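These are the residues of each chain, in order.
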Amino acid sequence: MVSNRPALAAGVAGALAAIGYSAEQASGSGIEAVRRIAELPPALAILDVELDSESNGPEAADLIQDRFNVPVLYFGDSAVEPAAHSFAVLTQPFDERDLRHAISFATFKRDVERRLADERARRQVAEQTARLQDVTAAFSRAATLSEIGEVTLALGSDALGAVVSRLSVLLDNGKELEVVAASGLDVAAIAREPRIQLSEATSVTESLRLRQALFFESADEYERKYPGIDPGAAFAAGARVSLPLIVGDRAVGALEFRFSKSRTFSPPERAFVQALGNQCAWALERARLYDELQLAYARATFLADAGRVLGALDESPSDSASALDRVARLAVPTVADWCTVWLLDPDTREPNQLAVQHWNPARVRQVLELQHKYPPDRKSTRLNSSHT
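Because the structure is predicted, anything quoted here is derived from the model rather than measured.

Parameters and conventions
Residue positions are counted from 1 within each chain, in the order its sequence is given. The predicted nature of this model means local features are confined to residues of pLDDT at least 70 and side-chain atom pairs, given and counted, to a pLDDT of 80 or more, with totals for whole chains, interfaces and linings taken over all residues. Calculated side-chain values reflect all of the structure's heavy atoms, with hydrogen atoms and water omitted. By the criteria applied, helices consist of DSSP H or I runs no shorter than four residues and strands consist of E runs no shorter than two, each listed in order from the N terminus. Throughout, a contact is declared for two residues whenever any of their heavy atoms are within 4.5 Å. The pairing criterion is simple: DSSP has to find at least two bridges between the two strands. To obtain each axis, a line is fitted to C-alpha atoms, and for helices this fit is confined to the stretch in contact; angles are then taken between N-to-C directions over 0 to 180 degrees. Of the two site types, the cavity is a set of points on a 1 Å grid over the protein atoms alone where a 1.4 Å probe fits but cannot get out, and the pocket is an open set with protein on both sides within 12 Å along at least five of seven lines, each lined by residues with an atom within 4 Å of a point. Grid points are joined across faces, edges and corners, and a volume is the space filled by probe spheres set on the points. Classes in brief: Ala, Val, Leu, Ile, Met, Phe, Trp, Tyr, Cys and Pro nonpolar; Asp, Glu, Lys and Arg charged; the others, Gly included, polar. Only centres within 6.5 Å qualify two rings of Phe, Tyr or Trp (six-membered ring in Trp) as a pair; their planes then separate them into stacked at under 30 degrees, edge-to-face at over 60, and tilted for everything else. Residue exposure (1.4 Å probe, protein chains only): buried if accessible area is under 20% of the type maximum, exposed if over 50%, otherwise partly exposed. Any angle from 65 to 115 degrees is called roughly perpendicular, while one under 35 is roughly parallel, one over 145 is roughly antiparallel, and all others are oblique.

*Asks:* When you look at the side chain of Ser157 in this model, what are you seeing that I'm missing?
*Replies:* Among the structural elements, Ser157 can be located in helix 5 (residues 145-160). For Ser157, the contacting residues outside a window of four places in its chain are Ala162, Ser165 and Phe257.

Set out below in structure tokens:
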């Protein structure tokens, strides 16, 4: 029993003793009540109505009933308005019957709240299970990076209520993440932060280093962890989740969800986030392997087709210019964005350009200008690469 009015508390304690209860009194502080209940715990918590917000009375009542599963009973004088509280209230004057009834009502209300909480938890688990089934079905149809990003961010944001979400993939250099899909951000916001350096101290990079999801239930919590870094002015300034995408022991990317306000994350929601991340990571891996297979097939096909074209020159050597132009056409866009073919003139020994192909025909002129500015070096014996 917690009260800052000794006389009133003594009267309630005496009435409790008369019906078989032993009451331990604590100082008139909600914080002290929580501390003592965590040590005992008691069969009933009785709080003085006059424990105001400065002594954390209302917050303590919610915490006592929700976390410790202990019934809460308020007591006070006749001026108390029972409707002002969502808990059972015992008012002066009272007799033994009133006291027993108030205790019974407090216990009944606790049991009802517990059953409602259990039902909400079961319903949430069922909803998350259904969403995971949707996730599995959606990922089975997503083959490309853009499709995977669309599925991941749409399902994750809908399930969690996020207003901003981002999917990033780890680049081959192992030092940067590139944002490949985003929701809730405009193009300018993405352009300001297209890549994330792993050397930066953010929740996204730390989740990758730790190989675990990080949950921040408020902007203040994030700011305490990463002071002065990405305060969220350009995005959503509330709770956030950062999740690494791991395949085996290899990181492939990261997910981030941001919220407009502070919020908690229930165990089913945390489990859903982990499952979504696992599904997304493996989908990215499948897409990578698929792209590699497609590229290998395209290269093999190009070599076979080019071999047939060049092999025909044995029968018609005079058609070399036409054959090399066909090879350039086969190369673009299968294995290159643009291709030029040069041959040395047998008399002058100067290079002659026989073919120019570009995936965008409108840019062929630019290629010609570039080749004119940087012509092949016929004296060079090394293979040179141009990166433009």
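*Asks:* Would you mind going over the sheet that holds strand 8 (residues 240-247) with me for this structure?
*Replies:* What holds strands together in a sheet is hydrogen bonding between their backbones, with the strands either parallel or antiparallel. The strand order across the open sheet formed by six strands is 6-5-4-9-8-7, and the pairing between neighbours is antiparallel. At either margin of the open sheet sits one strand with a lone partner, and together these are strand 6 (195-197) and strand 7 (214-216). Between one strand axis and the next, the sheet turns by 20° as a mean value, whatever way the strands run. Sheet topology places strand 4 (residues 164-170) next to strand 5 (residues 176-183); six bridges connect them, and they run antiparallel. Following the sheet pairing, Val169 is matched in strand 5 by Glu178.

*Asks:* Any chance you could explain the layout of surface pockets here in plain terms?
*Replies:* Empty space among the atoms can be located by rolling a probe the size of a water molecule over them. If you add up the space inside the second largest pocket, you get close to 480 Å³. Lining of the second largest pocket is provided by 14 residues; of these, Val169, Leu170, Asp172, Leu284 and Arg288 occupy positions nearest its centre. Residue assignment for the lining of the second largest pocket shows that the elements contributing at least two residues are strand 4, strand 9 (250-258) and helix 9 (267-311). Here the lining of the second largest pocket gets five residues from one element, more than from any other, and that element is helix 9. Looking at the lining of the second largest pocket residue by residue, the class counts come to eight nonpolar, no polar and six charged.

*Asks:* For this particular structure, what's the right way to read the packing of aromatic side chains?
*Replies:* How two aromatic rings sit relative to each other is given by the distance of their centres and the angle of their planes. What the rule picks out here adds up to five aromatic pairs. Here the aromatic rings of Phe216 and Tyr222 are separated by 5.2 Å at their centres, their planes lie at 75°, and the arrangement is edge-to-face. Grouping residues by exposure puts Phe216 and Tyr222 together as buried. With a centroid separation of 5.5 Å and 65° between ring planes, the pair formed by Phe259 and Phe265 is classed as edge-to-face. Residue classification places Phe259 among the buried residues on the basis of a relative accessible area of 3%.

*Asks:* Even after reading the chapter, I still don't get the sheet that holds strand 1 (residues 45-48), so can you show me in this structure?
*Replies:* If you walk across this open sheet you meet the three strands as 1-2-3, and the pairing is parallel. The open sheet is flanked by strand 1 and strand 3 (88-91), the only strands paired with a single partner. Mean inter-strand twist for the sheet, computed between neighbouring axes without regard to direction, equals 30°. Pairing analysis gives four bridges linking strand 1 to strand 2 (residues 72-76), with the strands arranged parallel. Of the residues in strand 2, the one forming a bridge with Leu47 is Tyr74.

*Asks:* Please explain the packing of helix 9 against helix 10 (residues 320-331) as it appears in this structure.
*Replies:* In helix packing, the relevant descriptors are the interaxial angle and the interaxial distance, both defined with respect to the helix axes. Running from N to C, helix 9 and helix 10 point in directions that differ by 175°, and their axes come no closer than 9 Å. As far as their axial angle goes, helix 10 and helix 9 are roughly antiparallel. The segment helix 9 lies against helix 10, with Phe302, Asp305, Ala306, Val309 and Leu310 engaging Ala323, Leu324, Arg326, Val327, Leu330 and Ala331. When its residues are assigned to classes, the contact of helix 9 with helix 10 shows nine nonpolar, no polar and two charged.

Nothing here speaks to function; it is geometry throughout.
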